[in-house]
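Architecture and fold: a report
This is what each chain is made of:
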Amino acid sequence: MSKPKRPSALAPFRIRNYRFQWPSDLLTSWAFEIETLVLGWYILVETGSVLLLTILASLQYVGTLIAPVLGMIGDRMGHRDLLVVLRLTYTVLASTIMVLALTGHLAPLKVMIIVTIMGLIRSSDLGLRSALLADIMPAELLIGAISLSRTTQDSARIAGALTGAGLFATFGTGKVYAVIACLYFVAAILMLCLTRPEKSAEHRLVESHSGSRLLRELKEGIVYSWNGPAMLAALCVAFLANLTAFPLTNGLLPYIARDIFHTDQTGLGYLSASFALGSLIGSVTLSLVGGLRIARLLIGATLAWYTLLLVFVEIRTMPIAMACLVLAGIAQSMSMISAAVILMRTASAHLRGRVMGVRMMVIYGLPIGLLAAGSLIDVIGYSATGSLYAAAGFVAMLGIAIRWRADLWPVHAPANAR
């Protein structure tokens, strides 16, 4: 008998809801990336402090601690409806910065306050996207859909880094934020065009419980996430990556661009776009290649990511650094997509929002890593700090692979199912 034909890489777009979710996520991701670059450069130029830069980046993830709560709300009210509310809120906050900038009243403290408010909810956006995808996609299209969904972040980071740098240099903060607010608003409208996914019988049974059981449901989601060996391993990898890998290519990138490579916001855009280009290549590759052992890919890609970061922190030439970031981006994309697929394959339908809420909660490793890096750079320097982070991450990843080897490495393990 012949093997079943593998679905086309673009097969997820046959689903009507996906044709609206994908561009909505794309515009939101584009706005996120432009904001991150513009505000990071604004704080660095206005204050000259790498510590304040890391504090700003950390504030964007303060909401990771309440992500399970928003995940639970999404499970109850619907992931699509909650995403609409979040994206309209982003529109209001971006419009506020736009008005302050255009009227000459923007200041670092006001930026910090608004970023804190946005950080309370923005961290949950990615998890809710994945939960919504699992709601609307057939099981056989889930890996392709998650990989294509990841391209919204990767391609947006390329476009956001390059256009954001150019727009910021040419027009200033106020006009750039007018564009950002429009992106968020259109994203919310596109999300409204989705039809509400039908809820499973399991999901309807959960909703029949009284409101007094909200805390119990929240606890159930957290305990459930940490009881499955493969899920726990994926969560540990996600926490480790946010603690020791992402600080070097996210919040610290403006400092690296200015103080290590001695370039301006355009150079910052090139560095950011290089990492994003690699991520896009990784995402597209996973959407095209079938039959992968996802858990094995998680281990290999994460170890490769840390190896490349060890090289990156020693480079002082822009073209070579950009090439290294492309390779690191490929490894990062394959690592994080693998973790998301393991979580979505394993989670029950009525708990997906809470599981992805816990996944978003472990992003809190990023602000911890950023704040520690900002202090360490002042004490031991950039190269030593970067090497310490990458080496510690590599060793810890080996520990995770050994600890859960029975659940992640064997070909017959559920996490490696094709």
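Residues numbered from 1 in each chain as written. Predicted model: local features only at pLDDT ≥ 70, side-chain atom pairs only at ≥ 80, totals over all residues. Heavy atoms only, no water.

Observations concerning the overall build of the protein
Counted only if it meets this: Numbering goes from the N terminus for both helices and strands, where a helix is a DSSP run of H or I of at least four residues and a strand is a run of E of at least two. Working definition: with a 1.4 Å probe on protein chains only, accessible area under 20% of the residue-type maximum means buried, over 50% means exposed, and in between means partly exposed. The contact rule is simple, with two residues in contact once any of their heavy atoms fall within 4.5 Å. Using a 1.4 Å probe, accessible areas were evaluated by the Shrake-Rupley method; residue-level cover was limited to the displayed protein chains.
If you tally the helices and strands in the protein, you get 20 helices and zero strands. A buried classification covers 56% of the 418 residues belonging to the protein. Long-range contacts, defined as pairs at least 24 residues apart, comprise 87% of the intrachain contacts of the protein with a sequence gap of at least 6. About 16,300 Å² of surface is accessible on the protein, with carbon and sulfur atoms providing 69% of the total.

Observations concerning the side chain of Gln332
Within the fold, Gln332 resides in helix H16 (residues 318–346). A relative accessible area of 1% means that Gln332 is categorised as buried. Excluding anything up to four places from it in sequence, Gln332 contacts Arg150, Phe246, Phe275, Ser279 and Trp305.

Brief notes about the nonpolar core
Basically, it comes down to this: Here, the term nonpolar core denotes a set of buried Ala, Val, Leu, Ile, Met, Phe, Trp, Tyr and Cys residues that are joined through side-chain atoms within 4.5 Å.
Membership of the largest hydrophobic core comes to 130 residues, with the highest contact counts inside it found for Ile256 and Trp305. Sorting elements by how many residues they give to this core places H16 first, with 15 residues. Look past the residues within four positions of Trp305 in its chain and what remains in contact with it is Ala241, Ala245, Phe246, Phe275, Ala328, Ala331, Gln332, Ser335 and Met336.

Some words on the packing of helix H1 (residues 16–47) against helix H2 (residues 50–59)
This is how it is decided: For helices, the axis comes from a line fit to the C-alpha atoms of the stretch in contact; other axes are also lines fit to C-alpha atoms, and the angle between any two N-to-C directions lies between 0 and 180 degrees. Orientation is classified from the angle alone, with under 35 degrees giving roughly parallel, over 145 giving roughly antiparallel, 65 to 115 giving roughly perpendicular, and any other angle giving oblique. Helix crossings fall into two classes, left-handed where the near helix is turned counterclockwise from the far one by less than a right angle and right-handed where it is turned clockwise. Any residue that is not Ala, Val, Leu, Ile, Met, Phe, Trp, Tyr, Cys, Pro, Asp, Glu, Lys or Arg is counted as polar, Gly included; the first ten are nonpolar and the last four charged.
Contact pair H1 / H2: the axes reach a minimum separation of 9 Å and the direction vectors enclose 150°. The angle between H1 and H2 falls in the class roughly antiparallel. For H1 against H2, the interelement crossing comes out right-handed. Contacts between H1 and H2 involve Leu39, Gly40, Ile43, Leu44 and Thr47 from the former and Leu52, Leu53 and Leu56 from the latter. A per-class count over the contact of H1 with H2 returns six nonpolar, two polar and no charged.

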